[in-house]
Amino acid sequence: MFEKYPLMSRFLIVIFAPICIGLLFLFFYFKSSLTATAGNLVLNGLGYPVAITHDIYGTPTIVAKTDHDAYFALGFKHASDRLWQLEVQRRLSQGRLSELFGAEMLSQDITMRNLGLYEAAKRSLPYLKKDTVDALTAYVDGINAWVAQSSSLPIEFQLFGVHPEPWSVFDSLGWHKVFSLTLSGNMMDELRRNQLQNRFTPEQINYIYSYDPIALLAKKYPPIKSHLMAKSNALIDFGIGHLFVGSNAWVVSGKHTQSGHPIIASDPHLGLQLPTMWYAASLKGDKLNVSGMTLVGLPMVIFGQNSAIAWGGTNLMSDQQDLFIETTSPQRPNQYLNGNEWKTFESHSEKINISAAFPASLHEKLASVDIVIRKTERGPVISDTQSEANAVTSLRWSALDPEDHTIDAFVDVQYAKNWSEFRQSLAQLKSPGLNFLYADREGNIGYQVAGMIPKRAEGVGILPLVASKENDWQGYHEFDLLPSVYNPEKGFIVSANEQVDHSSNIVISHEWAPEARHDRITALLQQSINAKKLMTASDMEVMQGDRLDLNALTLLPVFQQVIAGTPQEKEAIAILTEWNGEFTPGSVGATLFATWGYYLTHEIFDAALRHSWQRPAEANLLASSLERLTWGQLTKVVSTDTHGWCKPNQATVCKQELQHSLKSTLKQLEKISGTESLPKWKWSNFSRTDFIHQPLGSIKGLEWLFKRTTYSAASPNSINVSNIVFDLHKGFTQSFGAGFRQIFELDESNSHWYMLSTGESGNIMSEHFDDMIIPFSRNQLIPFGVNNPSKEILNLIPLSELQ
């Protein structure tokens, strides 16, 4: 061969063979970053041996002699499976993403530094209970123990040339603050209203903010400019900033179930990413005996069950953020008016280091950026990062209070044995506001709102107020005034971010999600009850995958009545006339409806919400108002001509807009699909769900490794919830939805079913990196942990036993 093919031989020896050897070396090197799931591993920091059993999806069941060791082992598992995620989360909370990813992350860093989440986390530590601090400390030690024993780090650390700093308690507390930010959106809504109320009538604004008192929308304040306004979507890639961030949860009494025991179902909705924010685990110590969903970065089960109770939750949509327009001194710009007294802004500068863009070897490193952070007695000045701001605006937010016992609440609820102890635990929770669903093995069910709601001296939190002593918060409402239900006569409770009935003395929110999901869940449960059909966990599993959108059904009759002008339009309307509102993969009606809804929204509102290109911040904020418009609200617009949104003097309300948008719909779907054949326009061909790794899933050439896609999303208001963002070239993309699904049956076996949206591991070399994506997309659940074990058991041995 060498004599016959000398060039080929040299190529194989000199080039091809070394490349293969190098690739094999890299493969096994990066493979070594995986921790074995079987065998013995000696660690420093444990008190006693810990056994960890993994099921077929790599989900751990941790059995320890003490709670300390159980929390330590969870930290170890989080680090072994999600170390890169921990690193990104820490840097996000600290405002240090630019150190890794370059100037593209500067906006995110400025936002987080300006809010001061990490500093707030540091201030909260002295207020926490000793048991909570012990749990956090053990968890932190477990994370650092994995790093200390690892022979190599996940591939991302190698690519970006970094080594993880030791994890700290502050890093965990900082991530809780980010989680709270994820579920808190009122600040941005106040900014949106502030812009809208200077351009439109209160009645028009009420079509966008349908729960607002119209009279209060007439109150005008100066427009506010801020960095947060310009970058309102800057953090969406990290799961922060989605509208209607929520969840589904419901609980059914044993009198309506086949087993005679309560069943509780839960599926929280957040921004989708790879890996998901959630991590399934079971922990057993000397007092602890809990299984369910943990948040990576925190040591406790957030939603789960113990030996006596089970609990799920949804976002309360509570308003725990208020903006205040500060009065500054013309003579001394560093002072603001607080009552009758001039106060000096608390001020300091911070340096943000910026790395070269990835890959660093091909880009020039940039100079660091210095920013100035100012605070008033109310909170951070969010308007400072844009120098032309004409109103100095500060933020008051419950999550920034030094005394915050939310982590105490999450830890304590794991140990609750009954309704009373459950409520006592939740009374400590400050932010975020949450709805909790409850069931116990005695057959009781319940619902409890948790989270501290501010007492406002003036206003209801929908618009910024001029700062004054009289306008300051007057503390928080008492926990016993928050909505609570125990063993209702109807035998079930549903929570889906809908408007919560509460005392008129409390303002919980004006930004509820549409009622559609709540009403659909309620209807399905009531149908079974009326038919005297006893329900099972399998019935709940089917419900979690339901794709019927009641909100769509409100707008559908409007589309069905549009007069067709061409044969293609006639065929489209005929299809919609037969469509039942379900966003199933084979549905052509779903594709037509969603696309028409998109174009109709823009046909009606684009001109009104357009702003000067010279003011991108205001333009972006006004445009983002469209994201709040639901199909139900759009129905209101096209059902009356008194609002002034559509062109006047039309025989039928918004007739011209409806016809133009239908033409745009058909033209664009034909362009995307490459065919005029409507039967080929199935929903599965026009909708997709993307799970994107941060940041490698967005880098060209690496998507095939760090991005996963499934096809056929659901819809914004179906139980199987899915935001759908329209792309002119691809169709609809989902980036928001359930991060996990789980169901508990409160029987003698502690029955528990679950599935994550991605996988337990964030390590690309692991078989559990993406192995749950397909079953999750098919709405399949499996029995949890010990009910579906593998034979692999990892034994963690304390170093002290060998000395």
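Relevant structure appears above.
Residues numbered from 1 in each chain as written. Predicted model: local features only at pLDDT ≥ 70, side-chain atom pairs only at ≥ 80, totals over all residues. Heavy atoms only, no water.

Notes on helix H14 (residues 419-426)
Quick reminder: α-helices carry 3.6 residues per turn. Residues three or four places apart thus point the same way. Those residues of H14 that sit buried are Trp-419, Phe-422, Ser-425 and Leu-426. What you see down the axis of H14 is that its buried residues fit within an arc of 125°, all on one side. Where H14 starts, the residue carrying a side-chain oxygen 3.2 Å from the main-chain nitrogen of Ser-420 turns out to be Asn-418. (Buried < 20%, exposed > 50% of the residue type's maximum accessible area, 1.4 Å probe, protein only. Helix = DSSP H or I, 4+ residues; strand = E, 2+ residues; numbered from the N terminus. Arc of directions from axis to C-beta. Polar contact = N/O pair within 3.5 Å; in protein donor to acceptor, adjacent residues only side chain to side chain.)

What about the environment of Arg-423?
One can find Arg-423 in helix H14. Looking at Arg-423, the relative accessible area reads 21%, which means it is partly exposed. Distance from Arg-423 to Phe-479, taken between C-alpha atoms, is 9.3 Å for residues 56 residues apart in sequence. When near neighbours in sequence (up to four residues on either side) are disregarded, Arg-423 contacts Gln-448, Phe-479, Asp-480 and Ser-484. (Contact = heavy atoms within 4.5 Å.)

Considerations on the side chain of His-269
Structurally, His-269 is set in strand S5 (residues 263-271). In terms of polar contacts, His-269 uses its side chain to reach the side chain of Asn-248, at 3.5 Å.

A short note on unusual backbone geometry
Residue Pro-432 follows Ser-431 across a cis peptide bond; omega there is 10°. In the segment running from Gln-694 into Pro-695, the intervening peptide bond is cis, with an omega of 0°. Considering the arrangement of structural elements, one finds Pro-695 in the loop between strand S23 (687-692) and helix H24 (703-706). Phi angles above zero are rare outside glycine, and Asn-497 is one such case at about 70°.

Quick look at the pattern of salt bridges
Summed over the entire model, instances satisfying the criterion amount to 34 salt bridges. Its salt-bridge partner being Arg-90, residue Asp-171 comes within 3.0 Å of it at the nearest N-O pair. Taken together, the residues Asp-171 in helix H8 (residues 169-182) and Arg-90 in helix H2 (residues 67-94) connect sequence positions 81 residues apart. Note on accessibility: Asp-171 and Arg-90 belong to one class, buried. The shortest N-O distance in the salt bridge between Lys-129 and Asp-412 comes to 2.7 Å. One end of the pair, Lys-129, is in the loop between helix H5 (117-124) and helix H6 (130-149); the other, Asp-412, is in helix H13 (residues 406-413), and 283 residues separate them in sequence. The partly exposed category is assigned to Lys-129, whose relative accessible area is 38%. Several salt bridges share partner residues, and in doing so they unite Glu-87, Arg-90, Arg-91, Arg-96, Glu-99, Glu-165 and Asp-171 into one network. (Salt bridge = Lys/Arg side-chain N within 4 Å of Asp/Glu carboxyl O.)

Section: the sheet that holds strand S25 (residues 725-727)
In space, the 4 strands of this open sheet follow the order S24-S23-S26-S25, with mixed pairing throughout. Because the sheet does not close on itself, it has two edges, and the strands there are strand S24 (707-711) and S25. Ignoring strand direction, the axes of neighbouring strands in this sheet form an average angle of 35°. Of the strand pairs in this sheet, S23 and S24 are connected by 5 bridges, and their pairing is antiparallel. Bridge pairing in S24 places Asp-690 opposite Thr-709. (Pairing = 2+ DSSP bridges. Axes fitted to C-alpha atoms, helices over the stretch in contact; angles between N-to-C directions.)

Here's the deal with the nonpolar core
Membership of the largest hydrophobic core comes to 157 residues, with the highest contact counts inside it found for Trp-250, Trp-278, Phe-422, Phe-436, Leu-525, Met-540 and Leu-796. With 12 residues, H2 is the single largest residue contributor to this core. Once residues within four sequence positions are removed from consideration, Met-540 is found in contact with Trp-250, Val-252, Ile-263, Ala-265, Leu-525, Met-535 and Ile-743. Of all hydrophobic cores here, the second largest spans 55 residues; its members include Leu-196, Trp-579, Val-638 and Ile-724. (Core = buried A, V, L, I, M, F, W, Y, C linked by side-chain atoms within 4.5 Å.)

Some words on the pairing of strand S15 (residues 393-397)
With 5 of its 5 residues buried, S15 lies for the most part within the structure. A two-sided burial pattern is seen for S15, the buried positions comprising Thr-393, Leu-395 and Trp-397 on one face and Ser-394 and Arg-396 on the other.

Things to note about the packing of aromatic side chains
Under the counting rule described, the total for this entry stands at 30 aromatic pairs. For the ring pair Phe-583 and Trp-631, a centre distance of 5.8 Å and an interplane angle of 5° mean the geometry is stacked. Highlighted residues: Phe-583 in the loop between helix H18 (567-578) and helix H19 (588-609) and Trp-631 in helix H21 (residues 631-637), separated in sequence by 48 residues. For the residue pair Phe-583 and Trp-631, the accessibility class agrees, reading buried in each case. Relative to Tyr-599, the ring of Tyr-598 has its centre 5.1 Å away and its plane inclined at 85°; by these criteria the two rings are edge-to-face. Using a relative accessible area of 25% as the deciding quantity, one classes Tyr-598 as partly exposed. Three or more aromatic residues joined by ring pairs form one cluster here, namely Phe-559, Trp-579, Phe-583, Phe-593, Trp-596, Tyr-598, Tyr-599, Trp-631, Trp-683, Phe-726 and Phe-732. (Phe/Tyr/Trp six-rings, centres within 6.5 Å; stacked < 30°, edge-to-face > 60°.)

Topic: the side chain of Thr-314
With respect to the element layout, Thr-314 can be found in strand S9 (residues 309-315). Within polar-contact distance, the side chain of Thr-314 engages the side chain of Ser-495 at 2.7 Å. Excluding residues within four positions of it along the chain, Thr-314 makes contact with Ser-247, Asn-248, Ala-249, Leu-434, Asn-435, Ser-495 and Asn-497.

Digging into the sheet that holds strand S10 (residues 321-325)
Strand order in this open sheet of 3 strands is S15-S10-S19, and the pairing throughout is mixed. Two strands close off the open sheet at either side, each with one partner strand: S15 and strand S19 (465-466). Pairing between S10 and S15: 5 bridges, direction antiparallel. Bridging across to S15, Ile-325 finds its partner in Thr-393.

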